[in-house]
Amino acid sequence: MSILAKLKGASVAVAIVGASLSTAYAEDIAITGGTAFTNGGKGKVENATILVSDGKISSVNAGGDVPSGYRVIDASDQWVTVGLMATGTTLGLTEVPLSGSLNDATASKAKNTIGLDVTYAIDPSSTLIPVTRIEGITRAVTGLTSTKDYWLGQGAVIHLGDGFDLVEKQGAYIGLQIGEGAATKAGGSRAALWQEVYAKLEDAQPEPETDDKDKDKDEKKADKKKKPSAEKKALERLFKGETSLMVTANRAADILQVIRLKKHFGFKVILTGAVEAWRVADELAKADIPVVLDALESLPQSFETLGATQTNAGRLVAAGVTIAITGKGSHNARLMPQNAGNAVSNGLSWEAAMDAMTVGPAEIFGLSDSYGTLEAGKDADIVVWDGDPIEIMTSPTAVLIKGDQIELVSRQTKLRDRYLEITRSPQFKK
Amino acid sequence: MTVLKKPRSRFAVSVLTAALFAAGIAGEAGAQKRELVTINKDPFPSSYTRLESAPILITNATVLDGKGGIMEGADILMQDGKVKRVGKSLKAPKGARLIDGTGKWVTPGIIDVHSHLGVYPSPGTQSHADGNEIGEPVTADVWVEHSNWPQDPGFIRAAAGGITALQLLPGSANLVGGRSVTLKNVPGRVAQDMKFPGAPYGVKMACGENPKRVYGTGENNPTLHRPYTRMGNVAGYRQAFADAQAYQRAWDKYERDFKAGKDVLPPQRDINMETMAGILAGEILVHMHCYRADDMGTMLDVMKEFNYQITSFQHAVESYKIADKLAEDNVCSAMWADWWGFKMEAYDGIRENIPFVHKAGACAIVHSDSEEGIQRLNQEAAKALADGRKVGVDISKAEAWQWLSLNPAKSLGIDKMTGTLEKGKDADVVLWSGDPFSVYTNAEITFVDGAPVYDRTNPAFNPVMDFELGQPGEGDVE
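Quick look at the structure, then. (Residues numbered from 1 in each chain as written. Chains lettered and ligands numbered in written order. Predicted model: local features only at pLDDT ≥ 70, side-chain atom pairs only at ≥ 80, totals over all residues. Heavy atoms only, no water.)

Observations concerning the overall build of chain B
Consideration 1: When you go through chain B residue by residue, the secondary structure sums to 11 helices and 16 strands.
Consideration 2: For chain B, whose C-alpha radius of gyration is 24 Å, the value lies close to the compact-globule estimate of 23 Å for 478 residues.
Consideration 3: In terms of its C-alpha atoms, chain B occupies a principal-axis envelope of roughly 75 × 55 × 45 Å.
Consideration 4: The buried share of chain B, taken over its 478 residues, is 60%.
Consideration 5: For chain B, the proportion of contacts with a sequence separation of at least 24, taken over those separated by at least 6, is 68%.
Consideration 6: Total accessible area computed for chain B in this model is approximately 18,700 Å², and 51% of it derives from carbon and sulfur atoms.
Consideration 7: Mean positive and mean negative side-chain charge positions of chain B (51 and 59 charges, respectively) differ by 5 Å. (Helix = DSSP H or I, 4+ residues; strand = E, 2+ residues; numbered from the N terminus. Rg over C-alpha atoms; globule rule 2.2 N^0.38 Å. Buried < 20%, exposed > 50% of the residue type's maximum accessible area, 1.4 Å probe, protein only. Contact = heavy atoms within 4.5 Å. Areas by Shrake-Rupley, 256 points an atom, 1.4 Å probe, with all protein chains shown as cover. Lys, Arg positive; Asp, Glu negative; His and termini not counted. Charge placed at Lys NZ, Arg CZ, Asp CG, Glu CD.)

Some remarks on the sheet that holds strand 8 (residues 137-142) of chain A
Residue and element names in this part refer to chain A.
Consideration 1: The strand order 6-8-10-11-12-13-14-15 describes a closed barrel built from 8 strands, whose pairing is mixed. In this sheet, adjacent strand axes meet at a mean angle of 30° when their direction is disregarded.
Consideration 2: As paired elements, strand 13 (residues 269-273) and strand 14 (residues 291-293) share 3 bridges and run parallel to each other. The residue of strand 14 that forms the bridge with Thr272 is Val292.
Consideration 3: Packed onto the sheet, helix 8 (residues 230-240) meets strand 10 (151-159), strand 11 (167-177) and strand 12 (244-249) and runs at close to 95° relative to strand 11.
Consideration 4: Contacts between helix 12 (residues 336-344) and the sheet are confined to strand 6 (84-89), strand 8 and strand 15 (323-329), with strand 15 contributing the most and set at about 130° to the helix. (Pairing = 2+ DSSP bridges. Axes fitted to C-alpha atoms, helices over the stretch in contact; angles between N-to-C directions.)

Some points on the state of the cysteines
All names here are of chain B.
Consideration 1: In the structure shown here, the tally under the stated rule is 2 disulfides over all chains.
Consideration 2: Here Cys207 pairs with Cys290 through a disulfide, and the sulfurs are 1.9 Å apart. One end of the pair, Cys207, is in the loop between strand 9 (202-206) and helix 3 (209-216); the other, Cys290, is in strand 10 (residues 285-290), and 83 residues separate them in sequence. As far as the burial class goes, Cys207 and Cys290 line up, both buried. (Disulfide = S-S within 2.5 Å.)

As for helix 8 of chain A
Residues and elements named next belong to chain A.
Consideration 1: For helix 8, the set of buried residues is Glu231, Ala234, Leu235, Leu238 and Phe239. Each buried residue of helix 8 sits inside an arc of 135° when the element is viewed along its axis, so together they form one side.
Consideration 2: Buried-residue contacts for helix 8 involve strand 10, strand 11, helix 6 (190-204), strand 12 and helix 9 (252-265).
Consideration 3: The positive-phi residue at the C-terminal boundary of helix 8 is Gly241, with phi of around 85°. (Arc of directions from axis to C-beta.)

Describing the interface of chain B and chain A
Put simply, an interface is often sized by how much accessible area is lost when its parts join up.
Consideration 1: Between chain B and chain A, the contact holds 55 residues from the first and 54 residues from the second.
Consideration 2: Between chain B and chain A the total buried area reaches about 4,700 Å² when both faces are included, carbon and sulfur atoms providing 54% of it.
Consideration 3: Considering only the side of chain B, the residues that lose the most area to chain A are B:Trp340, B:Tyr347 and B:Tyr440, jointly responsible for 16% of the buried surface there.
Consideration 4: Linking A:Arg411 and B:Asp348 is a salt bridge whose minimum nitrogen-to-oxygen distance equals 2.7 Å.
Consideration 5: In this structure, the connection of chain B to chain A is made through 30 residue pairs in polar contact (both at pLDDT 80 or more).
Consideration 6: The set of elements that each furnish at least two residues to the side of chain B that touches chain A consists of helix 2 (154-160), helix 3, helix 7 (323-328), helix 8 (353-359) and helix 9 (377-390) of chain B. (Buried area = accessible area lost by both parts, 1.4 Å probe. Salt bridge = Lys/Arg side-chain N within 4 Å of Asp/Glu carboxyl O. Polar contact = N/O pair within 3.5 Å; in protein donor to acceptor, adjacent residues only side chain to side chain.)

Things to note about the packing of helix 4 (residues 230-259) of chain B against helix 6 (residues 293-305) of chain B
To characterise two packed helices, one gives the angle between the axes of the helices and the distance between these axes.
Residue and element names in this part refer to chain B.
Consideration 1: Contact geometry for helix 4 and helix 6: axes closest at 11 Å, N-to-C directions at 20°. Put simply, helix 4 runs roughly parallel to helix 6. The way helix 4 lies across helix 6 gives a crossing that is right-handed. In this structure, helix 4 contributes Arg230, Val234, Tyr237 and Arg238 to the contact, and helix 6 contributes Asp295, Thr298, Met299, Val302 and Glu305.
Consideration 2: Partitioned by chemical class, the residues of the contact of helix 4 with helix 6 number 4 nonpolar, 1 polar and 4 charged. (Parallel < 35°, antiparallel > 145°, perpendicular 65-115°, else oblique. Left-handed = near helix turned anticlockwise from the far one by under 90°. Nonpolar A, V, L, I, M, F, W, Y, C, P; charged D, E, K, R; others polar.)

Some details on empty space enclosed by the protein
Consideration 1: This model, assessed by the stated rule, comprises 6 cavities of 30 Å³ or more.
Consideration 2: Put simply, the second largest cavity is a space of about 180 Å³.
Consideration 3: For the lining of the second largest cavity, the elements supplying multiple residues, two or more each, are helix 12 of chain A together with helix 9 of chain B.
Consideration 4: Per-element tally for the lining of the second largest cavity: the top contributor is helix 9 of chain B, with 4 residues.
Consideration 5: Of the residues contributing to the lining of the second largest cavity, the split by class is 7 nonpolar, 3 polar and 7 charged. (1 Å grid on protein atoms, 1.4 Å probe; cavity = no way out; pocket = protein on both sides within 12 Å on 5 of 7 lines; lining within 4 Å. Points joined across faces, edges and corners; volume = space filled by probe spheres on them.)

A look at the pairing of strand 5 (residues 79-82) of chain A
Consideration 1: Alignment of strand 1 (residues 29-37) of chain A against strand 5 of chain A, held across 3 bridges, turns out to be parallel. Bridging from a neighbouring strand, A:Thr35 pairs with A:Trp79 of strand 5 of chain A.

With respect to the environment of B:Asn462
Residue and element names in this part refer to chain B.
Consideration 1: Its location among the elements puts Asn462 in the segment after strand 16 (451-455).
Consideration 2: Sequence separation between Asn462 and Gly135 is 327 residues; the distance between their C-alpha atoms is 40 Å.
Consideration 3: Within the structure, the side chain of Asn462 is placed 2.7 Å from the backbone nitrogen of Asp455, a separation counted as a polar contact.

Observations concerning the pattern of salt bridges
Consideration 1: Across all of its chains, the model carries 52 salt bridges over all chains by this definition.
Consideration 2: Of the charged contacts, one joins A:Arg251 and A:Asp254 as a salt bridge, the two residues approaching to 3.7 Å between their closest N and O atoms.
Consideration 3: Assessed through its relative accessible area of 2%, A:Asp254 is described here as buried.
Consideration 4: Residue B:Arg269 is joined to B:Glu274 by a salt bridge in which the shortest nitrogen-to-oxygen separation is 2.4 Å.
Consideration 5: In this structure, a network of salt bridges that share partners links the residues A:Lys56, A:Arg139, A:Glu168, A:Asp379, A:Asp381 and A:Lys402.

Observations concerning a negative patch on the surface
Consideration 1: A grouping of B:Glu133, B:Glu136, B:Asp141, B:Asp243 and B:Asp270 is seen on the molecular surface, where their side chains present a negatively charged patch.
Consideration 2: With respect to the secondary-structure elements, B:Asp141 resides in the loop between strand 6 (110-115) and helix 2. (Patch = residues over 30% accessible without salt bridge, like charges linked within 9 Å, V, L, I, M, F, W, Y side chains within 5 Å.)

Considering the sheet that holds strand 9 of chain B
What holds strands together in a sheet is hydrogen bonding between their backbones, with the strands either parallel or antiparallel.
All names here are of chain B.
Consideration 1: Read from one edge to the other, the open sheet built from 8 strands follows the order 6-7-8-9-10-11-12-13, with strand pairing classed as mixed. The two strands at the open ends of the sheet, each matched to only one other strand, are strand 6 and strand 13 (364-366). On average, each strand axis in the sheet is tilted by 25° relative to the strand beside it, whichever way the strands run.
Consideration 2: Two strands pair when backbone bridges link them, and strand 8 (residues 176-184) and strand 9 are joined in this way by 4 bridges, in the antiparallel orientation. Within strand 9, the residue paired with Ser180 across the bridge is Gly202.

Below, the structure written as structure tokens:
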């Protein structure tokens, strides 16, 4: 339930309406007195007054008056940032993956894998969503982690606010896995894998414009009749530049093949996994391929990741590559700032680490128009922190998602409060 | 307990067989009385020797002593492998290496009580998966040290995170997974080179979902589809302990009869039962993988029924619900800061588990169970500390460090030797670049027995495991 609904002393029925139509009810909020990191043109703003109206940021200024009718959130001595965006998650797709509920992030028996659309599977009532957002993460990229082959369908960007419709961007990417696991499924060799990948994409590549007169009537009729499959539609969007191909690859040699793939087809490519990306950082920068990575990889856990190092993120940014640091999985996607912090202690700048959790993913997944910086016109995803947001002992004191201040409550905080003092029968309400 | 006093056999056939053979011949000859057969309890003795190092004096640092104390502007002197002195304005002995600790912190080395390094090493190939003896649910006869590959690069990464000692455990597929081993975190050529001298043995046991998932389908044990349920798990532990009682009685009877002058042969050795009987004798410490409060509650009663001690519950995701009972029964909880929900029995995990256990006066330990987590257990403690403080559990950083060194040392039975910076203890020490409760802080130098095993300021010094030689990641320890 949003804090607004509570403040209004709303009845349960009204609260439900308020939750599903939160933007219609969004109140005017002023966040005052904090140090704001805008990730944008204004840089760091001391004693910032941030005005929020109709779910959007209307202004960010040093000092300044609060217009009447605004509810004030006092952020004195606190830090204010954009709500963070976790990439590489399965949020909304899984609750208890092992021997629990169905894990919608895996589709081992699905027939057509490219066309799969995760937005059909997202559960906005998942307990993972409050658990994640109370840690300052307000957006997430969510998608499949495995299928019967190496295509991972189409992932989405969601917001983690209240209400039933979390989808911000459907078909935010098409997923493709490259490497040992994928090659095994493709016939036992990378040679077989790439042959299949090229064949599939070449087949979907639009023909150069030809004169329609060349076609006979029957052919034209057949073209009209055929309804395009989900796969065909997805790949059409890729070739039109409306979505990206997000390729998981770790070995430097595999990454170079991904660069070659981009050059061949010309569509947008995102690299993820990317354990050995630092070894080909200049090539990635030149090919304008952004990288979504886990900054904690440090071990040669397989023969594809022999060059694993926590300096990966810092080295990529130094070479001019745009990066996003992942939230890693689902239940602990909330640990993304710790992930970023370790990148900082291994050579990434603080500013670059903040970018890698906000403007970086916003750019990579095509959300820059509405999200990523604290500036007028952007969605009001704002977090007030009791210290440096990247530090591990810091946590949010206020979280706004699209202008709606959410309660800092989850199933976990309820368990915590129940057992703060141990009693004989905690099941009874006190 | 006595150790077999015969020269060690060169052959794997076992000392006992040789002893019996000799005894048999002697019997036939009728000239010699049989010797009392006892079991060698240390057939794979530690071959650890400490690394050479000049005395080391770190000056003007913030020192956490590991017992809950903090000293600003303090010095620490390490010499001959031991903590020689901690205090102000210490004098450097001749030839000592001086390290300016200004702005830096010094703590006891971190001890991880739950690691599978070496056992599930990197690279994680199928041929390296040596942690779960799946096939039958009680395998107290397997010893995890026999799976330890000392060339695992993970040991070096752990040293880079301030780990000076660790316990390797078998996995949790089995009700009784086998013996654990405690290591000093130093490179070795054979597994015995890493064994912590004088550390007692432990055993891994497991509650809950894992054993019943592994065996319930029958896939992993076609002749016996058990355990299938949690009650099947408990039946399994109880029968194993009942068997161990019978086994021990047979050996006790043999010893009694022998001492009474009877001409008796010893019972058949049973390697599985030797470990189970060792638990009942209090010689082998029990580290039990349990998540749910009710599973732990059941095990506390099994413990009382068979009169042994559970030293620690591992993972212990719901310890916060029964922290009072754990304090009363003197059982440690080895926990993550925030792992939860990946399986049903982890669904009730909360971020305040560690501080809540501490608050109840029970023994709280931060553990990893992860080749990645072991590289930054200090950060796990920091998160838990912050989460506790937010709900009014007021714990100092100095107190919280006990979750990382003293409490783990106690649970491994090595607290007389390590775990605090007291004079005379092993100089297992970490010099941090700053406050180790910050994400921006790195372990700068990790010392085991007074010798550096990892030095961030001197990358050329750092060990490179055999596997990494000639590979793209060679020497990239971070």
